[in-house]
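A look at the structure
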Amino acid sequence: MEIYEAIKQRRSIHDFKPQNVEESKLTSIFAGASWAPTHRMKEPWEVHIIQNKAVASYAERVTESYLRLGYAEGYDNDKQRKLMEGIKQHLLSIPHHAIIYMEKEKDLRLFEEDYAAVCAFIQNVQLLAWSHGVGGLWTTNPYIYDREFSRSCGIDPDLYKIVSVLQMGYPNRIPQPKRRTPIEQKVNFIND
Ligand SMILES: Cc1cc2nc3c(=O)[nH]c(=O)nc-3n(C[C@H](O)[C@H](O)[C@H](O)COP(=O)(O)O)c2cc1C
């Protein structure tokens, strides 16, 4: 796929087909993505791909996190249960949850370099996935900031930051593109 078309046609996918993406395809997508620019050749990205039977306990841990963070406060028990059950069912409908995390550098410049490299990696994953007919949703939901959730994923929050959970699978529905601002409003050529 031509690069401009790949960038322009990729969409964030919220609705996935139930079948898994072949593991060899996912491996090849993540391998290609690792050609992202990375200062100091740190290659800061680390990935846990939650899939198959692991999704059930993952969904459980996500809803526990929402409850811990107070997202269901003010609702009675029955409403809370329904809300959490809805979230669980939605998560169970997504074949792969790629938790993408990185070591936390103490120095802000190094931290930001690594964060930027991981973001470039994530977009590479999205574009390569798209070129294989695989969709993704870059998510930054509140649970990625929940230290207890991080620990429950085997990721020590003192040492690592979860950058995103990239939800992945074959798209069931591809949304319409959202318009972009004409770039002339964003880019200025400064000549003198
Ligand atoms: C850093 C980042 C975080 C995002 N977090 C979420 C998210 O938590 N939930 C979500 O539905 N979309 C999330 N998105 C996807 C954007 O909403 C999406 O890219 C935007 O609506 C444009 O749609 P498109 O990707 O189909 O062009 C995120 C995107 C980025 C870059």
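Residues numbered from 1 in each chain as written. Predicted model: local features only at pLDDT ≥ 70, side-chain atom pairs only at ≥ 80, totals over all residues. Heavy atoms only, no water.

Worth spelling out the cut-off: UniProt positions are given in the numbering used here, feature names are shortened, and annotations may be inferred rather than shown by experiment.
Going by an unreviewed UniProt entry, the protein carries the name Nitroreductase and comes from Thalassobacillus devorans. We quote the UniProt Sequence similarities (unreviewed entry) comment for the protein here in full: "Belongs to the nitroreductase family."

**Comments concerning the pairing of strand β4 (residues 160-169)**
Stated formally: Think of it in three bands: with a 1.4 Å probe and only protein chains considered, a residue is buried below 20% of the maximum accessible area for its type, exposed above 50%, and partly exposed in between. Runs of H or I in DSSP of at least four residues are treated as helices and runs of E of at least two as strands, each being numbered from the N terminus. One requirement defines pairing of two strands: DSSP has to find at least two bridges between them.
Among the 10 residues in β4, nine count as buried, and that is most of the element. Two elements, strand β2 (residues 96-103) and β4, share eight bridges in a ladder whose sense is antiparallel. Within β4, the position partnered with Y101 by the bridge is I162.

**Considering the packing of aromatic side chains**
Spelled out, the test is: Side-chain rings of Phe, Tyr and Trp, where Trp is taken by its six-membered ring, are said to pair if the distance between their centres is within 6.5 Å; with planes under 30 degrees apart they count as stacked, over 60 as edge-to-face, and otherwise as tilted.
This structure, assessed with the given rule, holds seven aromatic pairs. Between F30 and F121, the aromatic rings sit 6.1 Å apart at their centres with planes inclined by 45°, giving tilted as the arrangement. With F30 in helix α2 (residues 23-33) and F121 in helix α5 (residues 108-131), this pair connects stretches of sequence that are 91 residues apart. Given the relative accessible area of 1%, F121 is considered buried. Three or more aromatic residues joined by ring pairs form one cluster here, namely Y58, Y66, Y71, Y143 and F149.

**Describing the UniProt feature "domain: Nitroreductase" (unreviewed entry) in the protein**
Using the residue numbers shown here, the UniProt feature "domain: Nitroreductase" (unreviewed entry) corresponds to residues 7-170. End-to-end, the C-alpha atoms of residues 7-170 are 18 Å apart, and along that stretch the chain is 46% helix and 18% strand.

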